[in-house]
Amino acid sequence: MQAGGTAQQLRGLFRLDGKVALVAGGYGGIGEAVTWALAAYGARVAISGRSVERAQALAGRLGDAGYTAFATSFDILQVESIRRHVDEVAAALGGVDILVNCVGAQREERAEEVTESAWDNVSDVNLKGAFFLSQAAGRHQLAAGGGRQIHLSSVRSQLGLRGRGYAAYCSAKGGLNLLVKQLAAEWAPHHILVNGVAPTFVRTEFVRPYLEDKGFYEGLIGRIPLQRIAEPIDCAGAVLFLASPASAFITGQVLFVDGGITATQ
């Protein structure tokens with residue numbers, strides 16, 4: 001390969017020009033950062049979640065910044081709603097090249113007190129919903145000859161949390177990690193790459209009550225080698241990498257964005 005060709009490839013390693021990216025949960029703390037990152041690198045983005053108003057508000061801000069954005073809503077607990085909204089995005093923007101699943105839920109209950117309704121909710125949002133999102137997008141990607149899928153997991157897929165009620169959440173995220181591997185294995189012949197991003201606590205409204213607990217926060221920081229929690233942009237950078245040509249030979253992996261905690265625990 002000539003040097004000029006190599007340089008051209010390198011310049012495009014993170015470009016997403018011409019791609020359509022659906023960010024489910026795209027207006028949340030992590031999701032919004034991901035959405036801006038994908039748009040900034042050339043993707044046309046679709047933002048979805050329970051609130052069409054919040055999705056439309058973000059799409060408006062992206063449009064004002066010169067990006068192409070589409071807003072819709074869906075219910076992660078309803079399979080038909082998942083399928084309907086993925087089809088809607090594909091029809092509006094011409095496909096679903098990249099799926100990013102930023103939807104998650106946690107209902108903290110100690111193991112001896114976990115209710116069936118809480119277990120089902122956490123499992124259905126974090127695992128069942130993730131699969132049917134993948135399936136819906138995967139059907140379009142199979143027809144198109146390839147695509148990318150990235151699921152937001154958690155360090156709790158690998159590490160328990162002392163003193164807190166995380167049985168359902170850890171179980172669901174652990175299952176999500178294995179689902180990533182299975183989908184990657186099944187769809188590799190069709191050039192669909194499936195990966196995960198697993199952060200530690202990220203500074204969002206979702207975890208604000210934990211971070212306001214001084215004792216918990218100090219204990220958490222004390223276990224993280226980089227001595228801080230994650231910021232949304234840390235997750236956005238990892239997702240951008242996995243969505244871009246830079247990761248063309250990576251599938252079935254979960255990238256831990258955790259400041260080193262899983263290297264030491």
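Anything mentioned here points back to the structure above.
Everything quoted here is computed from the prediction, not taken from an experiment.

Enquirer: I keep staring at the packing of aromatic side chains and nothing clicks. Help me out?
Expert: The description of an aromatic ring pair rests on the distance of the ring centres and on the angle between the ring planes. All chains considered together, the criterion is met by seven aromatic pairs. Aromatic side chains tryptophan 36 and tyrosine 67 sit 6.1 Å apart centroid to centroid with 80° between the ring planes, which places their arrangement in the edge-to-face category. Note that tryptophan 36 is positioned in helix H2 (residues 29–40) and tyrosine 67 in the loop between helix H3 (52–64) and strand S3 (69–73), a separation of 31 residues in sequence. Seen in terms of ring centroids, tyrosine 210 and phenylalanine 216 are 5.7 Å apart; in terms of plane orientation they differ by 50°. Their pairing is tilted.

Enquirer: It is not clear to me how the packing of H2 against H3 should be interpreted in this structure. Could you clarify?
Expert: Geometry of a packed helix pair, given as the angle between the helix axes and the separation of the axes. Running from N to C, H2 and H3 point in directions that differ by 30°, and their axes come no closer than 12 Å. Overall, the two elements H2 and H3 adopt an arrangement that is roughly parallel. Regarding H2 and H3, the two cross each other, and that crossing is right-handed. Residues Glu32, Thr35, Trp36 and Ala39 of H2 lie in contact with H3, whose contacting residues are Leu58, Arg61 and Leu62. Its residues placed into classes, the contact of H2 with H3 shows four nonpolar, one polar and two charged.

Enquirer: In this structure, what is going on with the side chain of threonine 262? I would like to understand it.
Expert: Topologically, threonine 262 is positioned in helix H10 (residues 261–264). Within the local environment of threonine 262, its side chain forms a polar contact with the side chain of aspartate 258, the two groups lying 2.5 Å apart.

Enquirer: Any chance you could explain the pairing of strand S6 (residues 192–199) here in plain terms?
Expert: Each regular strand shows side chains that alternate between the opposite faces of the sheet. Here S6 lies mainly inside the structure; eight of its eight residues are buried. Neither face of S6 is open: one carries Ile192, Val194, Gly196 and Ala198, the other Leu193, Asn195, Val197 and Pro199, and all of them are buried. Relative to S6, strand S5 (residues 147–152) is paired through six bridges, and the arrangement is parallel. Its bridge partner lying in S6, histidine 151 is registered against glycine 196. Examined bridge by bridge, S6 and strand S7 (residues 254–257) share four bridges and lie parallel to one another. By the bridge assignment, glycine 196 is partnered in S7 with valine 254.

Enquirer: Where do I start with the environment of isoleucine 82 in this structure?
Expert: Following the sequence through the fold, isoleucine 82 ends up in helix H4 (residues 79–93). We classify isoleucine 82 as buried; its relative accessible area is 0%. Expressed as a C-alpha distance, the spacing of isoleucine 82 and alanine 137, which sit 55 residues apart in the sequence, is 9.5 Å. When sequence neighbours within four positions are dropped, the list of residues in contact with isoleucine 82 reads Phe74, Asp75, Ile76, Gly129, Phe132, Leu133 and Ala136.

Enquirer: How should the nonpolar core be read in this particular structure?
Expert: If you look at soluble globular proteins, the nonpolar side chains tend to sit buried side by side. Counting residues in hydrophobic clusters, the biggest one holds 34 residues, and the most contacted among them are Val34, Leu38, Val100, Ile150 and Val197. Elements supplying a minimum of two residues to this core: strand S1 (20–24), H2, strand S2 (44–49), H3, strand S4 (98–101), S5 and helix H9 (232–243). Sorting elements by how many residues they give to this core places H9 first, with seven residues. Dropping the residues within four chain positions of it, leucine 38 is found in contact with Leu16, Ala21, Val23, Ala43, Val45, Val100, Leu240 and Ala243.

Enquirer: For this particular structure, what's the right way to read the sheet that holds S5?
Expert: Strand pairing in a sheet relies on backbone hydrogen bonds, with the paired strands running either antiparallel or parallel. Read from one edge to the other, the open sheet built from seven strands follows the order S3-S2-S1-S4-S5-S6-S7, with strand pairing classed as parallel. Because the sheet does not close on itself, it has two edges, and the strands there are S3 and S7. Direction aside, the axes of adjacent strands within the sheet are offset by 15° on average. Across the sheet, H2 is in contact with S1, S2, S4 and S5; its angle to S1 comes to roughly 175°.

Enquirer: Honestly, unusual backbone geometry in this entry has me stumped. Any pointers?
Expert: With glycine set apart, most residues show a phi of negative sign, and most peptide bonds adopt trans. Here histidine 191, not a glycine, exhibits a phi torsion of approximately 65°, which is positive. Classification of histidine 191 as exposed rests on a relative accessible area of 55%. A positive phi angle, near 65°, is found at glutamine 227, a position not held by glycine. Mapping glutamine 227 onto the fold places it in the loop between helix H8 (214–223) and H9.

Enquirer: Explain the pairing of S5 to me, please; I cannot follow it from the model alone.
Expert: Judged by how many residues are buried, S5 sits mostly within the fold: six of six residues are covered. By the alternation rule, side chains of S5 split into Gly147, Gln149 and His151 and Arg148, Ile150 and Leu152, which are all buried. Taken together, the four bridges between S4 and S5 define a ladder with parallel strand orientation. Bridge pairing links leucine 99 to glutamine 149 in S5. Handedness of the S5-helix H6 (residues 167–187)-S6 crossover: right-handed.

Conventions and cut-offs
In every chain, residue numbers begin from 1 and rise along the written sequence. Local features in this predicted model are restricted to residues of pLDDT 70 or higher, and side-chain atom pairs are both shown and tallied only at a pLDDT of 80 or more, whereas totals for entire chains, interfaces and linings draw on every residue. Excluded from the side-chain calculation are hydrogens and water; included are all heavy atoms of the structure. Each Phe, Tyr or Trp ring, with Trp reduced to its six-membered ring, pairs with another whose centre is within 6.5 Å; inter-plane angles below 30 degrees give stacked pairs, above 60 give edge-to-face pairs, and intermediate values give tilted ones. A helix here means a DSSP run of H or I that spans at least four residues, while a strand means a run of E at least two residues long, and both kinds are numbered starting from the N terminus. Note on geometry: axes are lines fitted to C-alpha atoms, helical ones only across the stretch in contact, with angles between N-to-C directions running from 0 to 180 degrees. The scheme is simple: roughly parallel for angles under 35 degrees, roughly antiparallel for over 145, roughly perpendicular for 65 to 115, oblique for anything else. By convention, the crossing between two helices is left-handed when the near helix turns anticlockwise from the far helix through less than a right angle, and right-handed when the turn is clockwise. Here, two residues are considered to be in contact whenever any of their heavy atoms come within 4.5 Å of each other. The nonpolar class holds Ala, Val, Leu, Ile, Met, Phe, Trp, Tyr, Cys and Pro. Asp, Glu, Lys and Arg form the charged class, and all remaining residues, Gly among them, are polar. In the analysis that follows, any N or O atom pair within 3.5 Å is treated as a polar contact, provided that within protein one partner can donate a hydrogen and the other can accept it, and provided that, for residues neighboring in sequence, both atoms belong to side chains. Working definition: with a 1.4 Å probe on protein chains only, accessible area under 20% of the residue-type maximum means buried, over 50% means exposed, and in between means partly exposed. Think of it this way: DSSP has to see at least two bridges between two strands before they count as a pair. By nonpolar core we mean a set of buried residues, namely Ala, Val, Leu, Ile, Met, Phe, Trp, Tyr and Cys, connected to one another through side-chain atoms within 4.5 Å. Classification remark: right-handed applies to a crossover when, strands pointing away from the viewer, the course from the first strand over the helix to the second runs clockwise.

Everything listed here is a matter of geometry and, on its own, says nothing about what the molecule does.
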